[in-house]
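# Structural features, examined
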Amino acid sequence: MTASPLNHELQLATGYVRDTGCHIFLTGKAGTGKTTFLQTLPSTTDKRLVITAPTGVAALNAGGVTIHSFFQLPLGPFIPGSDAGHIQIRFRKDKISVLQSLDLLVIDEISMVRADVLDAVDSVLRRVRRSRLPFGGVQLLMIGDLYQLPPVVKGQEWLLLQPYYKSPYFFDSQALAQAEMVTIELSHIYRQSDPHFIDLLNKIRNGRVDTGVLGELNRRHFPGYTPDIREGYITLCSHNRLAEALNTARLRALPQNLRVFEAEIEGEFPEHIHPTARTLRLKTGAQVMFIRNDTTAQKRFFNGKIGTITRISGETIRVQCPGDAEEIEVEPTVWENIDYSFNRETLEITQTRIGAFTQYP
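Residues numbered from 1 in each chain as written. Predicted model: local features only at pLDDT ≥ 70, side-chain atom pairs only at ≥ 80, totals over all residues. Heavy atoms only, no water.

Two residues of an α-helix separated by three or four positions point the same way, owing to the 3.6 residues in each turn. With 15 residues, helix α6 (residues 115-129) should reach 21 Å at 1.5 Å per residue; the first-to-last C-alpha distance of 21 Å fits that figure. The buried fraction of α6 amounts to 11 of the 15 residues, a majority that puts the element mostly inside the structure. Buried residues of α6: Ala115, Asp116, Val117, Leu118, Asp119, Ala120, Val121, Asp122, Val124, Leu125 and Val128, and no others. Along its buried surface, α6 packs onto α4 (67-71), α5 (93-101), β4 (104-108), β5 (139-143), α7 (155-161) and α8 (174-177). Of the residues trailing α6, Arg130 is marked for its positive phi of about 50 degrees. (Helix = DSSP H or I, 4+ residues; strand = E, 2+ residues; numbered from the N terminus. Expected span 1.5 Å × (residues − 1). Buried < 20%, exposed > 50% of the residue type's maximum accessible area, 1.4 Å probe, protein only. Contact = heavy atoms within 4.5 Å.)

Here you go:
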């Protein structure tokens, strides 16, 4: 039996992580399995690894820490070769042990990581590990989609960085240019099953919008159309406050009793990395969207799946999603805020939970 494209690509990525020291860029459209690969990675390799991401929420969803906090990087631009470029950071002994023992550095949402940030990471790793190799000899696994969020670089910052970089994107990092990198693209989409719709999405994504694509899209445009609330349409908003106002108005219009669910927060879990609302206000009949993948074996829902609350009984919330034969009984999910430490007895890098946020996903 021939392996499916997804299996082949994932096997290839697993092999490169397990058997080589080559840097890897794992990419693919939304819904192709990048998150699943990241979640299963620790069980497929014996390498000592750390998972990072460019923002607090991204790091939380990836089960890791932010790049800046882990490497204690300054927030300003990193200028290669300048006095400011020689980062002098005093790490605690435990962090030095983690950096020196590190085999694999995972960076999720790599599209948002600037080239100079990657070079700053390289500078830290070379110094702490006393190595001239790119990234101090640590293997990089970079996961993300360059068609999604770009790196943030302000005008004044780019004036400083432009003499050193072709673009602010990670792939123009000077350190990465000195190393071998392989790109693996996951191609099979699991979140959509309609081949015609997938073809339309791909043409828009790749900038190949012709008259046929425009015609298909415009056939779905009805000026002045006001959908029935019961039809479950999604309204796209340009600002959070507009979405919040619309959701609040729709929730108030439902006749059922309002239920309020407060998140449970323990330890260190600052507000700026809260993955969802600390206070969820829900009613039976409300349309909801899941904001993370189901981590159980049933895989009942994924990030972005839409459904309608059919019943709220005590602490139990049931959601019916279009096309599903059965309702989903939703349970609270725990998001962990973690730190990394080095276990001198096992010589392994371990995750330590320093905080937790529990709420319905």
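What follows picks up the thread again.
Our next topic: a nonpolar patch on the surface. On the surface, Ile204, Val209, Leu214 and Leu217 cluster together to form a nonpolar patch covering roughly 310 Å² of accessible area. Its location among the elements puts Val209 in the loop between α9 (195-205) and α10 (211-218). What makes Val209 partly exposed here is its relative accessible area of 40%. (Patch = residues over 30% accessible without salt bridge, like charges linked within 9 Å, V, L, I, M, F, W, Y side chains within 5 Å. Areas by Shrake-Rupley, 256 points an atom, 1.4 Å probe, with all protein chains shown as cover. Salt bridge = Lys/Arg side-chain N within 4 Å of Asp/Glu carboxyl O.)

The next point concerns the sheet that holds strand β12 (residues 316-320). The strand order across the open sheet formed by four strands is β10-β11-β12-β13, and the pairing between neighbours is antiparallel. The open sheet has two edge strands, β10 (287-289) and β13 (328-330), and neither has a second partner. Between one strand and the next, the sheet's axes are offset by a mean angle of 45 degrees, whatever the strand orientation. Relative to β13, β12 is paired through three bridges, and the arrangement is antiparallel. Its bridge partner lying in β13, Arg318 is registered against Glu329. (Pairing = 2+ DSSP bridges. Axes fitted to C-alpha atoms, helices over the stretch in contact; angles between N-to-C directions.)

Side chains bearing opposite charge may pair, as long as their charged atoms lie close to each other. Per the counting criterion, the structure on display carries 15 salt bridges. Residue Arg92 pairs with Asp339 through a salt bridge whose shortest N-O separation is 3.3 Å. Taken together, the residues span a long stretch of sequence, with Arg92 in the loop between α4 and α5 and Asp339 in strand β14 (residues 333-343) at a distance of 247 residues. For Arg114, the salt bridge goes to Asp116, with nearest N and O atoms at 2.8 Å. By relative accessible area, Asp116 is classed as buried at 2%. Through salt bridges with shared partners, a single ionic network connects Arg114, Asp116 and Glu157.

This part is about the nonpolar core. The biggest cluster of nonpolar side chains holds 58 residues, and the ones touching the most others in it are Phe71 and Leu141. Among the elements that take part in this core, α6 stands out by supplying eight residues, more than any other. When residues no more than four places from it in sequence are discounted, the contact partners of Leu141 are Val17, Ile24, Leu26, Phe37, Leu41, Leu104, Leu105, Val106 and Ile107. Residues Leu282, Ala286, Ile309 and Ile317 belong to the second largest nonpolar core, which totals 17 residues. (Core = buried A, V, L, I, M, F, W, Y, C linked by side-chain atoms within 4.5 Å.)

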